[in-house]
Amino acid sequence: MGIEVGSILDGKVTGITKFGAFVALPGNRSGLVHISEIAYSYVSDVHDLLSEGQEVKVKVIGIDDSNRINLSIKQALPPPPRPERRSGPRPGGPNDRPRPEGDHRPQSRRPAPSRGYVPEPSQPKGPASFEDQLKQFMASSDSKLSELHMNEKRGSRRGGRK
């Protein structure tokens, strides 16, 4: 069986350096597991996780032009479960402040309005008629078009005259 990128093989650690570990593979071949490919967590010293003679399962992640084999131990294993994300504001965050008595509004941050954005005046609650929605759309569209035309006129003056 040839060694191909993506193969998962059994090997034996034959040497440890500060940058990784050399692993003997089937067929009298060997490859290198870089320190960043040993574990999903930060590894400061390879000796903390591996020792010479240790049997390991590795994945072939690359073979370069010089026929050197790059290996990964972490990719040969299933990834560790991710910690559950809590929803809501983090303690000590910008929304973590005392609220006045009786204030039951949700603590959410609104995104800052983009440049040139003018919020529409609040409409009364309830469904607006199609005609009202159309009028609102047309007014907004006309406003945006006139702003666009003004910006085009300003831009055309810059490059022309010398």
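Residues numbered from 1 in each chain as written. Predicted model: local features only at pLDDT ≥ 70, side-chain atom pairs only at ≥ 80, totals over all residues. Heavy atoms only, no water.

Draft legend 1. View of the overall build of the protein chain. Counting its regular elements, the protein chain contains one helix and five strands. When the helices and strands of the protein chain are read in sequence order from the N terminus, they spell out β-β-β-β-β-α. By element, 52% of the accessible surface of the protein chain is carried by carbon and sulfur atoms, the whole surface being about 13,800 Å². (Helix = DSSP H or I, 4+ residues; strand = E, 2+ residues; numbered from the N terminus. Areas by Shrake-Rupley, 256 points an atom, 1.4 Å probe, with all protein chains shown as cover.)

Draft legend 2. Highlighting the side chain of Glu-37. Relative to the helices and strands, Glu-37 resides in the loop between β3 (29–34) and β4 (55–63). Salt bridges are absent for the buried Glu-37, whose nearest opposite-charge side chain, Lys-74, sits at 4.5 Å. Within the structure, the side chain of Glu-37 is placed 3.1 Å from the side chain of Gln-75, a separation counted as a polar contact. Among residues more than four places away in sequence, those in contact with Glu-37 are Ile-61, Leu-71, Ser-72, Ile-73, Lys-74 and Gln-75. (Buried < 20%, exposed > 50% of the residue type's maximum accessible area, 1.4 Å probe, protein only. Lys, Arg positive; Asp, Glu negative; His and termini not counted. Salt bridge = Lys/Arg side-chain N within 4 Å of Asp/Glu carboxyl O. Polar contact = N/O pair within 3.5 Å; in protein donor to acceptor, adjacent residues only side chain to side chain. Contact = heavy atoms within 4.5 Å.)

Draft legend 3. A look at the sheet that holds β3. Reading around the barrel, the five strands line up as β1-β2-β3-β5-β4 and close back on themselves, with mixed pairing between neighbours. Neighbour-to-neighbour, the strand axes of this sheet turn through a mean angle of 50 degrees, independent of strand direction. Strand direction decides the pairing type here: β4 and strand β5 (residues 69–72), joined by four bridges, are antiparallel. When the bridges of β5 are listed, Val-60 appears paired with Leu-71. (Pairing = 2+ DSSP bridges. Axes fitted to C-alpha atoms, helices over the stretch in contact; angles between N-to-C directions.)

Draft legend 4. Looking closely at the pattern of salt bridges. What the rule picks out here adds up to two salt bridges. The partner of Asp-10 in a salt bridge is Lys-57, and the shortest N-O contact between them spans 3.2 Å. Here Asp-10 is found in strand β1 (residues 8–17), whereas its partner Lys-57 is found in strand β4, with 47 residues between them in sequence. Classification of Lys-57 by relative accessible area gives partly exposed; the value is 39%. Where Asp-64 meets Arg-68, a salt bridge forms, and the shortest distance between an N and an O atom there is 2.8 Å. By relative accessible area, Asp-64 is classed as partly exposed at 26%. A relative accessible area of 55% places Arg-68 in the exposed class.

Draft legend 5. Highlighting the pairing of β5. Across three bridges, the pairing between β3 and β5 is parallel. Directly across from Leu-32, in β5, lies its bridge partner Asn-70. Linkage of β4 to β5, two consecutive antiparallel strands, is achieved through a turn of five residues, within which Asn-67 is found at a positive phi near 70 degrees.

Draft legend 6. Structural detail: the pairing of β3. Looking at chain direction, strand β2 (residues 20–25) and β3 are connected through six bridges and run antiparallel. Bridging across to β3, Phe-22 finds its partner in Leu-32. Joining the antiparallel neighbours β2 and β3 is a turn of three residues, in which Gly-27 adopts a positive phi near 80 degrees.

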